[in-house]
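Listed below, chain by chain, are the residues.
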Amino acid sequence: KKKSAPQKKSSTPARKSPTPIIPPPAPMNISPPKKIEVNRGEKVNIRRRGSSSSEISINLKWKKTGAGRVSGKNIDLDLCCLYELQDGEIGAVQALGNLFGSFSSAPYILHEGDDRTGNVSDGETIRVNGKFIRKIRRILIFTFIYSGATNWSDAQGVVTVKCPGSPDLVVRMDEYGSRKNTCAVALLENVGDTFSVEKIVRFYKDSQEMDDAFDWGLEWARGKKD
């Protein structure tokens, strides 16, 4: 019988394949949200980036619906605000009474004009001059039904606070049970030379009752549009 000869081991070790290197995962490009809906009682800070002079705009849009027509009139909501400056000056910015404010001088808040029908695509807008935010202590955004709506659900108002570098802050007027005329929508308060935005959506019979509730200190008189 033939014997198998022992195999001679090779002195050269077998080559090993190099361990593959896995590159680290590429960072995910997550875009910040374009809009944030502010819940009732919640405070959200406006994040101002870039120029500190960036203005803040406060916009009101609403819908006119069949249910909102009274004697053939369309719904007319008015966007307004109360302001308090750091030096103690107080006042209101609103179309009623032609209190349109000023952008370049105190109160550094300007109402751009009255939309009596809700047909203007941009709605109504109040602009706040970003250069002078440190001079403003607080702003109460409010609106009232001037004519045409039987209740707030007819109008479905939405207030949006916009500032470059920050997501739009959306405050929906979604509490529809009240038949009262005036609604405090949101409170802006100065925090570190920017604003926190708090959703209020609380209803009052008129501006004076709302003023008293927030301890603003103005005396109100009845008026009407031309």
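Check the entry above for the structure.
Attention in this report is confined to the structure presented alongside it. Predicted, not measured: the structure shown is a model, and the values here were computed from it.

## A closer look at the sheet that holds strand β9 (residues 136–147)
Paired through their backbone hydrogen bonds, the strands of a sheet run either parallel or antiparallel.
Alright, step 1. Read across the sheet, six strands follow the order β2-β13-β12-β9-β4-β5 without closing on themselves; strand pairing throughout is antiparallel. Both outer strands of the open sheet, β2 (43–45) and β5 (90–93), are each paired with one neighbouring strand and no more. Between one strand axis and the next, the sheet turns through 20 degrees on average, direction left out of account.
Alright, step 2. Relative to β5, strand β4 (residues 76–85) runs antiparallel, the two being bridged by four bridges. Of the residues in β5, the one forming a bridge with Tyr 83 is Gly 91.

## A closer look at the nonpolar core
Alright, step 1. Ranked by size, the top nonpolar core spans 38 residues in total, and within it Ile 109, Ile 139, Ile 141 and Phe 195 carry the most contacts.
Alright, step 2. Per-element accounting of this core gives the leading share, five residues, to β4.
Alright, step 3. If we skip the residues at most four places from it in the chain, Phe 195 touches Val 44, Asn 45, Ile 46, Ile 56, Val 128, Ile 133, Ile 136, Ile 139, Leu 188, Glu 189 and Asn 190.
Alright, step 4. Counting 15 residues, the second-largest nonpolar core is a separate cluster that includes Leu 96, Phe 142, Ala 184 and Leu 218.

## Observations concerning the packing of aromatic side chains
Alright, step 1. In total, this model carries four aromatic pairs according to the counting rule given.
Alright, step 2. Centre to centre, the rings of Tyr 108 and Phe 132 are 4.3 Å apart; their planes meet at 15 degrees, and the pair counts as stacked. Taken together, the positions of Tyr 108 in the loop between β6 (101–102) and β7 (109–111) and Phe 132 in the loop between β8 (124–128) and β9 put the pair 24 residues apart, joining distant regions of the chain.
Alright, step 3. Residue class for Phe 132 comes out partly exposed when judged on its relative accessible area of 22%.

Criteria and cut-off values
- Residues numbered from 1 in each chain as written.
- Predicted model: local features only at pLDDT ≥ 70, side-chain atom pairs only at ≥ 80, totals over all residues.
- Heavy atoms only, no water.
- Pairing = 2+ DSSP bridges.
- Helix = DSSP H or I, 4+ residues; strand = E, 2+ residues; numbered from the N terminus.
- Axes fitted to C-alpha atoms, helices over the stretch in contact; angles between N-to-C directions.
- Core = buried A, V, L, I, M, F, W, Y, C linked by side-chain atoms within 4.5 Å.
- Buried < 20%, exposed > 50% of the residue type's maximum accessible area, 1.4 Å probe, protein only.
- Contact = heavy atoms within 4.5 Å.
- Phe/Tyr/Trp six-rings, centres within 6.5 Å; stacked < 30°, edge-to-face > 60°.

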